[in-house]
Amino acid sequence: DNELIYLTQSNCAPILKSLNISGSKAGDEGVERLISNCKSLVSLNLRSTQITDYSIEQLQKGINLEQLVISECKNVTNVSLKIIETGPLSGQLTTLELARLEIKQNDVLPLLRQSTHLTHIDLSMISPRIDPILGFEFSHRLTHLNLSYSHLCSFQLQSPLSLLVEFCPRIVSLNL
């Protein structure tokens, strides 16, 4: 957190648009400072950091994030998904990466329904199956979808790829 706190006190903090601190020891205190001092931030990569649901709650305050990566954050739970779903981030995010989070399909679907601008989603290595995700009103907006190492499909009549073609006509990047 010390490096992140130092960064938030620097001259570049007010104009910083993108920050990748993946793999760092950053936690809730650093993220809280980041939010209060880096108001121009639109892209934030917190992959494999020490953040908790508290940080996700703080992200709802005062910044207009479009891209958020919280993959592999061991202390982030389904509570964070609910926070995103019911807060301003659901109308702002275009990219959301949730790989390797300890979440379930029932936690993800309401968030995906509410996220009106989401075009990029990473659900790799978590338990959602592709069949309930496809067919919801948001699937036609998806351009980038990562479902690698996830349970693909329970439909017996159609293959996962035929479902993607049918329900996600704008896909330009697909990772199965």
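Our structure's up above, just so we're on the same page.
Cut-off values and rules
Residues numbered from 1 in each chain as written. Predicted model: local features only at pLDDT ≥ 70, side-chain atom pairs only at ≥ 80, totals over all residues. Heavy atoms only, no water. Helix = DSSP H or I, 4+ residues; strand = E, 2+ residues; numbered from the N terminus. Contact = heavy atoms within 4.5 Å. Areas by Shrake-Rupley, 256 points an atom, 1.4 Å probe, with all protein chains shown as cover. Core = buried A, V, L, I, M, F, W, Y, C linked by side-chain atoms within 4.5 Å. Buried < 20%, exposed > 50% of the residue type's maximum accessible area, 1.4 Å probe, protein only. Arc of directions from axis to C-beta. Polar contact = N/O pair within 3.5 Å; in protein donor to acceptor, adjacent residues only side chain to side chain. Pairing = 2+ DSSP bridges. Axes fitted to C-alpha atoms, helices over the stretch in contact; angles between N-to-C directions.

Caption draft 1: The overall build of the protein, seen in detail. Per the secondary structure count, the protein includes 7 helices and 7 strands. Across the protein, helices and strands are ordered from the amino to the carboxyl terminus as α-β-α-β-α-β-α-β-α-β-α-β-α-β. Considering only intrachain contacts with a sequence separation of at least 6, the fraction spanning at least 24 residues in the protein is 67%. Total accessible area on the protein stands at roughly 8,600 Å², and carbon and sulfur atoms take up 51% of it.

Caption draft 2: The arrangement of the nonpolar core in detail. In this structure, Leu59, Leu68, Ile70 and Leu98 are the most contacted members of the largest nonpolar core, which totals 43 residues. Secondary-structure elements contributing two or more residues to this core are helix H2 (28-37), helix H4 (78-86) and helix H5 (105-114). Apart from the residues within four sequence positions on either side, Leu59 is in contact with Val31, Ile35, Leu44, Leu46, Leu65, Leu68 and Leu89.

Caption draft 3: Looking closely at H2. Taken residue by residue, H2 has Asp28, Gly30, Val31, Leu34 and Ile35 as its buried positions. Buried positions in H2, seen along its axis, are confined to an arc of 160° and lie on one side of it. Contact partners of the buried residues in H2: helix H1 (2-8), strand S1 (18-20), strand S2 (43-45) and helix H3 (53-58).

Caption draft 4: The arrangement of the side chain of Ser43 in detail. Summarising the element assignment, Ser43 is placed in strand S2. Accessibility expressed as a relative area gives 13% for Ser43, which makes it buried. Within the structure, Ser43 has its side chain in polar contact with the side chain of Gln67 (distance 2.9 Å). Excluding its chain neighbours within four sequence positions, the residues that come into contact with Ser43 are Lys17, Ser18, Leu19, Leu65 and Gln67.

Caption draft 5: Spatial organisation of the sheet that holds strand S7 (residues 173-175). Read from one edge of the open sheet, 7 strands run S1-S2-S3-S4-S5-S6-S7, paired in parallel fashion. A single partner strand is all that each edge strand has here, and the edge strands are S1 and S7. The mean inter-strand angle of the sheet, taken between neighbouring strand axes irrespective of direction, is 5°. Bridge count for strand S3 (residues 67-69) against strand S4 (residues 95-97) is 3 bridges, and the pairing is parallel. Residue pairing across strands places Leu68 opposite Leu96, the latter belonging to S4.

Caption draft 6: Examining the environment of Val76 more closely. If you trace the backbone, Val76 turns up in the loop between S3 and H4. The buried category is assigned to Val76, whose relative accessible area is 2%. Separated by 21 residues in sequence, Val76 and Ser55 place their C-alpha atoms 9.0 Å apart. With sequence-adjacent residues up to four places away left out, Val76 is seen in contact with Ile51, Thr52, Asp53, Ile70 and Leu101.

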